[in-house]
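# Close look at the chain arrangement
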Amino acid sequence: MSDVLALVEARLRTALGEPDARAAVTFLGTDRIEVLRFLDGDVVRYATLGMSAQPMADPTAVVADPLRGPRAELVLSVRAGRADTDKVLRPLAVLAASPQVEGLVVAPGASLDTGEPLWPGAPFTSVLVAESGGLVEDLELDDPMEPVRFLPLLPMTPNEAAWKRVQGAAALEERWLAHGTDLRDPLRPGVPLG
C-alpha cells in the first residue's frame, strides 16, 4: 500500500513539480488522506494522496478485492489569489475518502457533492469528475492492479449540478465550452442553462 502511494507521489512531483504545502486528514475508520498543493504560475493545483492506496470496491461486493479494482487520486486546479482556496483541503480530503466511507467508485462523469461551499464564498458545493490522462498521466501498476488515474475535478454551482443530473456530464461540458467558461476561476458565475 505505501509502495503505491510512494509511486503516486513521485508521479505527481514529475508532473506538477515540488509541492509547496501539504496537509493530512484522517477520518474515523479510514486511511489518512493527504492533500498536496502545487503552484504553477497563476494557477494553484491541489492533489489528493491516499485515495489510491486501496482499490475502489463495488459496494455490492461481499468481499472487497485487495488488489483488483479502479484506483484514483483527485486533482483540482484554480486561479491563485482570487479566493481563499486553501480552505478546500478538508472538502477535498472528504471527497477522496468517499470510496472508503461510502463505498463509492469515483469515475469520470460522476458528481461529488460536499454539501457546503468548497472554500469560503465559493459558489460551488460539488464537482464534476473529468477524464484522466491530461495533466497527470495515469500510473501503471504491476498486474493484477489497475492503473492509478488522476481525475481532474471541475467545480459546479448547485444549478449546474442539477442541470447535469438531468442532461448529463457531456451536455454540461459542451455548455461550458460554448460559453468560454473559465473553469479555473474560483469565483466564476454559473453558466447560462436556459
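What you are looking at is a predicted structure, and each value in this text was computed from that prediction instead of being measured. (Residues numbered from 1 in each chain as written. Predicted model: local features only at pLDDT ≥ 70, side-chain atom pairs only at ≥ 80, totals over all residues. Heavy atoms only, no water.)

### Notes on the overall build of the protein chain
Helix and strand counts for the protein chain stand at four helices and seven strands. Listed by position from the N terminus, the elements making up the protein chain come as α-β-β-β-β-α-β-β-β-α-α. Its C-alpha atoms give the protein chain principal-axis dimensions of roughly 45 × 40 × 30 Å. Counting all 194 residues of the protein chain, 44% fall into the buried class. Look at the contacts in the protein chain between residues 6 or more apart in sequence, and 57% of them connect residues 24 or more apart. Accessible area of the protein chain: about 9,500 Å², with a carbon and sulfur share of 53%. If you average the places of the 18 positive and of the 28 negative side-chain charges in the protein chain, the two averages end up 4 Å apart. (Helix = DSSP H or I, 4+ residues; strand = E, 2+ residues; numbered from the N terminus. Buried < 20%, exposed > 50% of the residue type's maximum accessible area, 1.4 Å probe, protein only. Contact = heavy atoms within 4.5 Å. Areas by Shrake-Rupley, 256 points an atom, 1.4 Å probe, with all protein chains shown as cover. Lys, Arg positive; Asp, Glu negative; His and termini not counted. Charge placed at Lys NZ, Arg CZ, Asp CG, Glu CD.)

### Examining unusual backbone geometry
Of the consecutive residues Asp143 and Pro144, the connecting peptide bond is found in the cis state with omega at 5°. Note that Pro144 resides in the loop between β6 (126-129) and β7 (148-156).

### Things to note about the packing of aromatic side chains
Enumeration according to the criterion identifies one aromatic pair in this entry. Ring geometry for Trp119 versus Phe124: centroids 6.0 Å apart, planes at 65°, classification edge-to-face. For Trp119, a relative accessible area of 1% translates into the label buried. A relative accessible area of 0% means that Phe124 is categorised as buried. (Phe/Tyr/Trp six-rings, centres within 6.5 Å; stacked < 30°, edge-to-face > 60°.)

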